[in-house]
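Survey of secondary and tertiary structure
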Amino acid sequence: MSFIDVHNHISSQAYIDLLTEHGKSLFSLQKDMEGRTVVMRGDARFMTFTEQMFDPEIRLAEMTAVGVQRQLLSYTCPNCYWAEDSIALNICQVMNNHVKEVCDRWPDRFSGLASLPMQNVDMALHELERAVDQLGMVGLIILANVNECPLDDDRFNPLWAALNERNLPVLLHPTTPPGVDMMGMDKYGLVPSVGFMIDTTLAVTRMVLGGVFERYPDWPLIVSHAGATLPYLASRLDQCHRFIPDARLKISDPPTKYLRNLYYDTVCYDELALSMALDLAGPEHLLYGSDYPHNIGDMKGCADRVNSLSIGNDDKELIRRGNAVRLFGID
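Throughout what follows, the structure given in this document is the object of discussion. Quantities reported herein were computed from a predicted structural model and do not represent experimental measurements. (Residues numbered from 1 in each chain as written. Predicted model: local features only at pLDDT ≥ 70, side-chain atom pairs only at ≥ 80, totals over all residues. Heavy atoms only, no water.)

Strand order in this open sheet of eight strands is S1-S5-S6-S7-S10-S11-S12-S13, and the pairing throughout is parallel. In this open sheet, the two edge strands, each paired with only one partner strand, are strand S1 (3-9) and strand S13 (286-287). Sheet topology note: the strand S11 (residues 221-223)/strand S12 (residues 263-265) ladder contains two bridges and is parallel. Looking at S12, one finds that valine 223 is bridged to tyrosine 264. Packed onto the sheet, helix H3 (residues 85-105) meets strand S5 (68-74) and strand S6 (110-114) and runs at close to 170° relative to S6. (Pairing = 2+ DSSP bridges. Helix = DSSP H or I, 4+ residues; strand = E, 2+ residues; numbered from the N terminus. Contact = heavy atoms within 4.5 Å. Axes fitted to C-alpha atoms, helices over the stretch in contact; angles between N-to-C directions.)

Below, the structure is given as structure tokens:
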């Protein structure tokens, strides 16, 4: 058996240099108590760089050991949303060009998910065309808020329309949620452990209730980290839809109808959480992901949990690779 990993990350020294030079008003690089390089957002730990992010040779060996045949490479948060318009497109193109270089060197093992400068929708549409039509990217990664602007904001409608026309898959990935400072997430590593889950849950719920998926139903959105807390909250959203008028202003059906049309990766850390995502979406809407090579990523564990699901092998094969082949047109 083999896996296609739709949620894993890559980086480059060129990106770190750009982040250090142009993003210093928001981010800094520090060493943690274990000597690892950490991106800090103010006083809050944001993400940790690992050697595997920069060395495909290490990555390939670890993929082979687990049985991951192909990875869809993407740049994780903070991506390029922090950059001013004057440099945002250049930074984004540095990232996407790097992903293409790695994919071109190992075309049987890697495909690319492009980043977009979402803070400027016109630039995002321009880079979307370049990344897909010229670079051959098979999908996108989009963060769950754009400098605290929610994704159901009307400014993004031209982008959703373009994705809908192309039927282009998107991995939705969290970043720091709005209000992170007020919530005191500068302590205890709360941004990656809890903040990211809040960001994803809030983003998708707003998109559902705001009618984004009712207006633009034909682009596959993959919700990262097994849907964050959405599988747990889905029935609550339906209950609120029934009894709170504000929750049904822009949609004609209960929220779970839209949630079941979305896709979810397998990045979670126990079988119960994965089973909840499976119960919500079904095997046809679940895709293997690992969050490799983050320090909390778990390529083998995520694969083992898929293999341990109480479903037939044909359904497991959809999760391992079949759904990714269908959505992304790869093999």
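Read on for the rest.
Two faces belong to every sheet, and in a regular strand the side chains alternate between them. Across five bridges, the pairing between strand S2 (residues 27-31) and strand S3 (residues 37-41) is antiparallel. Each bridged residue has a counterpart across the sheet, and for lysine 31 the counterpart in S3 is threonine 37. Hairpin connection, S2 to S3: the antiparallel pair is bridged by five residues, and glycine 35 has positive phi, about 85°.

Moving on: the packing of aromatic side chains. Under the defined criterion, the tally for this structure stands at nine aromatic pairs. Residues phenylalanine 27 and phenylalanine 46 carry aromatic rings whose centres are separated by 5.4 Å and whose planes lie at 70° to one another, so their mutual orientation is edge-to-face. Linking phenylalanine 27 in strand S2 with phenylalanine 46 in strand S4 (residues 44-48), this pair joins segments that are 19 residues apart in sequence. Aromatic side chains phenylalanine 46 and phenylalanine 196 sit 6.0 Å apart centroid to centroid with 80° between the ring planes, which places their arrangement in the edge-to-face category. With phenylalanine 46 in strand S4 and phenylalanine 196 in helix H6 (residues 190-209), this residue pair connects regions lying 150 residues apart in the sequence. Of the two residues, phenylalanine 46 and phenylalanine 196, both sit in the buried class. Chaining the aromatic ring pairs together yields one cluster made of Phe156, Trp160, Phe213 and Trp219. (Phe/Tyr/Trp six-rings, centres within 6.5 Å; stacked < 30°, edge-to-face > 60°. Buried < 20%, exposed > 50% of the residue type's maximum accessible area, 1.4 Å probe, protein only.)

In short, geometric facts, not functional conclusions.
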